[in-house]
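# Secondary and tertiary structure notes
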Amino acid sequence: MKIDTLKKILKISIVALLLLLCCLFIANKSISTSAKKKLYSSINAIPKNKVGLLLGTSKYISTGQLNLYYQYRIQAAAALYHASKIEFVLVSGDNSTKSYNEPKKIKEDLIKKGIPANKIVLDYAGFRTLDSVVRAQKVFGENKFTIISQKFHNERALFLANYFNNNAIAFNAKSVTPRYGIKVQIREYFARVKVFIDLLFNVKPKFLGDKITIQ
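Reference entry: report on the structure contained in this document. (Residues numbered from 1 in each chain as written. Predicted model: local features only at pLDDT ≥ 70, side-chain atom pairs only at ≥ 80, totals over all residues. Heavy atoms only, no water.)

Here we take up the packing of aromatic side chains. What characterises a pair of aromatic rings is the spacing of the ring centres plus the angle enclosed by the ring planes. Inspection of the entire model under this criterion finds 5 aromatic pairs. Ring geometry for Tyr69 versus Phe152: centroids 5.9 Å apart, planes at 80°, classification edge-to-face. Of the two residues, Tyr69 sits in helix 2 (residues 68-82) while Phe152 sits in helix 5 (residues 151-163), which places them 83 residues apart along the sequence. On the basis of relative accessible area, Tyr69 is assigned to the buried category, the value being 5%. One aromatic cluster is present, built from ring pairs that chain together Tyr69, Phe152 and Tyr180. Above the plane of the ring of Phe88 lies Lys119, whose end atom (NZ or CZ) is 4.6 Å from the centre. Here the guanidinium or amino end of Lys206 rests over the ring plane of Phe127, the centre of that ring lying 5.3 Å away. (Phe/Tyr/Trp six-rings, centres within 6.5 Å; stacked < 30°, edge-to-face > 60°. Helix = DSSP H or I, 4+ residues; strand = E, 2+ residues; numbered from the N terminus. Buried < 20%, exposed > 50% of the residue type's maximum accessible area, 1.4 Å probe, protein only. Lys NZ or Arg CZ within 6 Å of the ring centre and 35° of its normal.)

This is the structure we're talking about:
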């Protein structure tokens, strides 16, 4: 391969890398900034809402150990409920196969934390954050709710909620150590770019379906 050709490839690669870094920075900054006034970490400070939208995740990580993101979200939802900051927990998670049922596992653990079963509503089609947020409005009829997850995830969910005209706030579950969550944090940067791609191409939830009233 000629030197000139190699130089052209190198220049194109550098430009592509710079564009990617620029997209990552802009997406991250835009989403973080838009959510600032709607994020809460204090039980006492957060306003009351009828429904808390608990964003699901797997209970265990690949090594078989308990997923701390999962554990802390369960604790956060229970704390909000027992402080009367929410009346119902809408659990939105992945149930794409018979052998994998996030909402069911989360419900079991919420009940262990003292939340009555009749106060827990399951959304089995929360495959992605976009699906969870849109379905809370379109399927469950809620335009005002409290999102429950870690701060980085809440920021992205709030951005989507605002885009779809939902009056949402978010409660930050306890975070994990940087070392524990490094892979998740890296993926989050790309997930934020994908938010804009999804909105640009008007991506819809995988499923909607009949309306369900939370009461």
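With that settled, the discussion passes to the nonpolar core. Within the largest apolar cluster, 25 residues are counted, with the highest numbers of intra-cluster contacts made by Leu54, Val89, Val91, Ile106, Leu110, Ile115 and Ile148. Among the secondary structure elements, those contributing two or more residues to this core are helix 2, strand 3 (86-92), helix 3 (102-112), strand 4 (120-123) and strand 6 (167-172). Apart from the residues within four sequence positions on either side, Ile106 is in contact with Leu54, Gly56, Thr57, Tyr70, Ile74 and Val91. (Core = buried A, V, L, I, M, F, W, Y, C linked by side-chain atoms within 4.5 Å. Contact = heavy atoms within 4.5 Å.)

Attention shifts here to the packing of helix 2 against helix 3. Orientation of helix 2 relative to helix 3, taken along the N-to-C sense of each, is 50°, at an axis distance of 10 Å. It follows that helix 2 is oblique to helix 3 by the angle criterion. Pair helix 2 / helix 3 crosses with right-handed handedness. Mapping the contact onto sequence places Tyr70, Ile74 and Ala77 in helix 2 and Lys105, Ile106, Asp109 and Leu110 in helix 3. (Axes fitted to C-alpha atoms, helices over the stretch in contact; angles between N-to-C directions. Parallel < 35°, antiparallel > 145°, perpendicular 65-115°, else oblique. Left-handed = near helix turned anticlockwise from the far one by under 90°.)

Side chains that carry opposite charge are capable of pairing whenever their charged atoms lie near each other. The full count for this structure, using the stated rule, is 10 salt bridges. With a shortest N-O distance of 3.3 Å, Glu142 and Lys50 are connected by a salt bridge. On the criterion of sequence distance, the pair formed by Glu142 in the loop between helix 4 (129-138) and strand 5 (144-149) and Lys50 in strand 2 (residues 49-55) is long-range, its members being 92 residues apart. Here Arg135 makes a salt bridge to Asp123, at a shortest N to O gap of 2.8 Å. Pair noted here: Arg135 is in helix 4 and Asp123 is in strand 4, with a separation of 12 residues, a long-range link. Overall, the relative accessible area of 7% leaves Arg135 in the buried class. Its relative accessible area of 1% is what places Asp123 among the buried residues. Several salt bridges converge on common partners, so that one network encompasses Arg128, Asp131, Lys194 and Asp198. (Salt bridge = Lys/Arg side-chain N within 4 Å of Asp/Glu carboxyl O.)

What follows concerns the side chain of Lys59. By the secondary structure assignment, Lys59 is in the loop between strand 2 and helix 2. The exposure class of Lys59 is buried, given its relative accessible area of 18%. There is a polar contact of 3.1 Å between the side chain of Lys59 and the side chain of Asp109. Discounting chain neighbours no more than four positions away, the residues touching Lys59 are Gln65, Leu66, Asn67, Tyr70, Lys105 and Asp109. (Polar contact = N/O pair within 3.5 Å; in protein donor to acceptor, adjacent residues only side chain to side chain.)

The next thing to look at is the sheet that holds strand 4. Across the sheet, 6 strands lie side by side as 1-6-5-2-3-4; this open sheet has parallel pairing. The sheet terminates laterally at strand 1 (39-40) and strand 4, the two strands that pair on one side only. Here 4 bridges tie strand 3 to strand 4, and the two strands are oriented parallel to one another. Within strand 4, the residue paired with Leu90 across the bridge is Val121. Here helix 4 sits on the sheet and contacts strand 2, strand 3, strand 4 and strand 5; the angle it forms with strand 2, its principal contact strand, is near 160°. (Pairing = 2+ DSSP bridges.)

With that settled, the discussion passes to the pairing of strand 3. Of all 7 residues in strand 3, 6 are buried, a share of seventy percent or more. Here 6 bridges tie strand 2 to strand 3, and the two strands are oriented parallel to one another. Across the sheet, the residue bridging to Gly52 is Val89, located in strand 3. Read as a crossover between parallel neighbours, the route from strand 2 over helix 2 to strand 3 is right-handed. In this fold, strand 3 hands off to helix 3, which returns the chain to strand 4; that crossover is right-handed. (Right-handed = clockwise from strand over helix to strand, strands pointing away.)

Note that all results are geometric; they support no functional claim without further evidence.
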